[in-house]
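Remarks on the overall topology
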Amino acid sequence: MSRMATVNDVTESVFIRACRRESTPYTPVWFMRQAGRSLPEYRKVREGVDMLTACRTPELVCEITVQPVRRHAVDAAVFFSDIVVPLAAVGVDVDIVPGTGPVVGSPIRTMADVDKLRDLTPDDVPYITEAIGLLRAELGGTPLIGFAGAPFTLASYLVEGGPSRTHAKTKAMIYGAPDVWNALCERLTAITTTFLRVQVDAGAAAVQLFDSWAGALSLHDYLASVEPHSARVLTGVADLGVPRIHFGVGTGHLLAAMADAGADVVGVDWKTSLTDAAALVGHRALQGNLDPCAVFAPPPVMSTMVRRVLDDAEAAQGHVFNLGHGVLPESDPDALTRIVDLVHEHSTRS
Ligand SMILES: Cc1c2[nH]c(c1CCC(=O)O)Cc1[nH]c(c(CCC(=O)O)c1C)Cc1[nH]c(c(CCC(=O)O)c1C)Cc1[nH]c(c(C)c1CCC(=O)O)C2
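Here's what I pulled together on the structure shown here. (Residues numbered from 1 in each chain as written. Predicted model: local features only at pLDDT ≥ 70, side-chain atom pairs only at ≥ 80, totals over all residues. Heavy atoms only, no water.)

Structural notes on helix 15 (residues 333-347)
The line we're drawing: Going along the chain from the N terminus, every DSSP run of H or I of four or more residues is numbered as a helix, and every run of E of two or more is numbered as a strand. Take the number of residues in a helix, subtract one, and multiply by 1.5 Å to get its expected span. Per-residue accessibility, obtained with a 1.4 Å probe over protein chains only, is compared with the maximum for each type, and a residue is labelled buried under 20%, exposed over 50%, and partly exposed between these values. Note on contacts: a residue pair is in contact if any heavy atoms of the two residues lie within 4.5 Å. Think of a polar contact as two N or O atoms within 3.5 Å of one another; within protein, one of them needs to be a possible hydrogen donor and the other a possible acceptor, and neighboring residues in sequence only count if both atoms come from side chains.
An ideal rise of 1.5 Å per residue puts 21 Å on 15 residues; helix 15 measures up with 21 Å between its terminal C-alpha atoms. Looking at helix 15, one finds that the buried residues are Pro333, Ala335, Leu336, Thr337, Ile339, Val340, Leu342, Val343, His344 and Ser347. The secondary structure elements touched by the buried residues of helix 15 are helix 2 (40-46), helix 4 (58-72), strand 8 (285-290), helix 14 (299-312) and strand 9 (319-323). Near the N-terminus of helix 15, the side chain that reaches the backbone nitrogen of Asp334, with its oxygen 2.9 Å away, is that of Asp332.

What follows is the structure in C-alpha cells.
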C-alpha cells in the first residue's frame, strides 16, 4: 500500500505515519506557533490587519500557514487561526489584544451567561472551509494540522475575562458551582467538536486539541472536572480517522490521563523528558519537546539539546519532533530552520 502512495498522499506522509506509530525514514518536525511573529514575512502581511480579521480572510490564512513550510521545510503545516475564533463565530464578545491574548467583554459567571452561548454550525465559519480548500491546493503532500482549544482552556478565558496566571475564578466555579461549570463545558465541547470536524471535512489531515492551561490543575481536579469533557471532544472526532494530538503545558502529572482521554499522540512540554513521558502514556506516539528557548543557545549547545530530545524519544514508538510550547516571537527564524535540518539529519535511519 504505502509503496504505491504518491508524494501527494498526505495519509502516507512522514508526519502522519509517525502519528500512527509506523516506521518513518526520519523523525518529522513542526513547531507550534511556527506561523507568527518570529517571521518577518508574517509581520509584513499582518501590517494593519487585526488578528481576528486575519483569521477570517482565507487568502491571508493560506499565505501565513504556508510561510513556515516554505522557509523551514517543516513536515506539517498548522492552520493559521486561534482558539477563540469559534467563540467569536457564535457571537462571544472576544478580541485578541496584541501582547496580551484573548480578552472577553462580558465574562461568563452564571447559568444565565452559559445559556446565552449558542452552538456552532459549519455555516458560521465558511472562511475556515474556504481557507483549507486553498491550502489543500497549495500544500501538495504536506499535511495540514487543524486545531481547537479544549474546554478547560477556552473556559478559562471566558470565565476570567482574559489571560490568568492562577485561573482563580475558573477554579472557584469548578469548586463552587459545578452545575454551571459542567453546563459551560458541555457547550464548549459541542462548539469545539464542530470546529474540528469542519476542519477535517475541509481537508485537515490531523487535529490538535490545545489544553494549554490544564497543567494548572491537580490530577484529581483534572480527572473529575476536565478530562470527561476533553474525552468527549476527542471521541467526537474519532470516526474521522485522522490522528488526534492532545497537548498541554506543565502536564507531567496529567500525561496518562490526557492519553486516556482519547489521544493518538500526546504533546509534552520541555519539563518532562520524553523517556518519562513514554512510560506514562503507553501505546501512543509522543510530540515534543525541545525547550522553546533552545533557539537562544549557541549552535553547538542547541545541537546537543536537539540530539537529547531525539535520544529520549527512543523510548517511545512514534515521535513527532516539536518544541515543548509555541515559538517565542523573539526567536531567530534561522535557528528554527537549523533545528529542522538537525532533526532530519540526526534521525535519518538507513
Ligand atoms: C492559549 C492559546 C491562544 N491561542 C492558541 C492557544 C493554544 C496554543 C498555546 O498554548 O500557545 C492557539 C493558536 N494561536 C495561533 C495559532 C497558529 C498556528 C501556529 O502557528 O501554531 C495557534 C495554534 C495564532 C496566534 N494567536 C495569537 C497570535 C499573536 C497575535 C499576532 O501575531 O498579532 C498568533 C500568531 C494571539 C494569541 N492567542 C492566544 C494567545 C495567548 C495569544 C498571544 C497574545 C500575544 O502574545 O500577542 C490564545
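Considerations on the packing of aromatic side chains
To keep things clear, this is the line we draw: Side-chain rings of Phe, Tyr and Trp (the six-membered ring for Trp) are treated as a pair once their centres are within 6.5 Å; stacked means planes under 30 degrees apart, edge-to-face means over 60, and tilted covers the remaining angles.
The full count for this structure, using the stated rule, is four aromatic pairs. Centroid distance Phe147 to Phe210: 5.5 Å. Interplanar angle 90°. Geometry classified as edge-to-face. Taken as a pair, Phe147 in strand 4 (residues 144-149) and Phe210 in strand 5 (residues 206-210) lie far apart in primary sequence, 63 residues in all. With respect to class, Phe147 is no different from Phe210; both count as buried. Taken together, the ring pairs in this structure connect Phe147, Phe210 and Phe247 into an aromatic cluster.

Some points on the layout of surface pockets
Our working definition: With a 1 Å grid spanning the protein atoms alone, the term cavity applies to any set of points in which a 1.4 Å probe fits but cannot get out, the term pocket to an open set with protein on both sides within 12 Å along at least five of seven lines, and the term lining residue to any residue with an atom within 4 Å of a point. Grid points are joined across faces, edges and corners, and a volume is the space filled by probe spheres set on the points.
Considered as a void within the structure, the largest pocket measures approximately 1300 Å³ in volume. Together, 38 residues line the largest pocket, and Arg33, Arg37, Met51, Asp82 and Gly101 are the ones closest to its centre. Taken together, the elements giving at least two residues each to the lining of the largest pocket come down to helix 2, strand 2 (94-97), strand 3 (101-104) and helix 8 (151-160). No other element matches helix 2, which puts three residues into the lining of the largest pocket. Taken as a whole, the second largest pocket spans an internal volume of roughly 350 Å³. Forming the boundary of the second largest pocket are 19 residues, of which Thr27, Ala313, Glu314, His319 and Arg349 lie nearest the centre. Those elements that place two or more of their residues in the lining of the second largest pocket are helix 14 and helix 15. Of the residues forming the lining of the second largest pocket, the biggest block, three residues, is contributed by helix 14.

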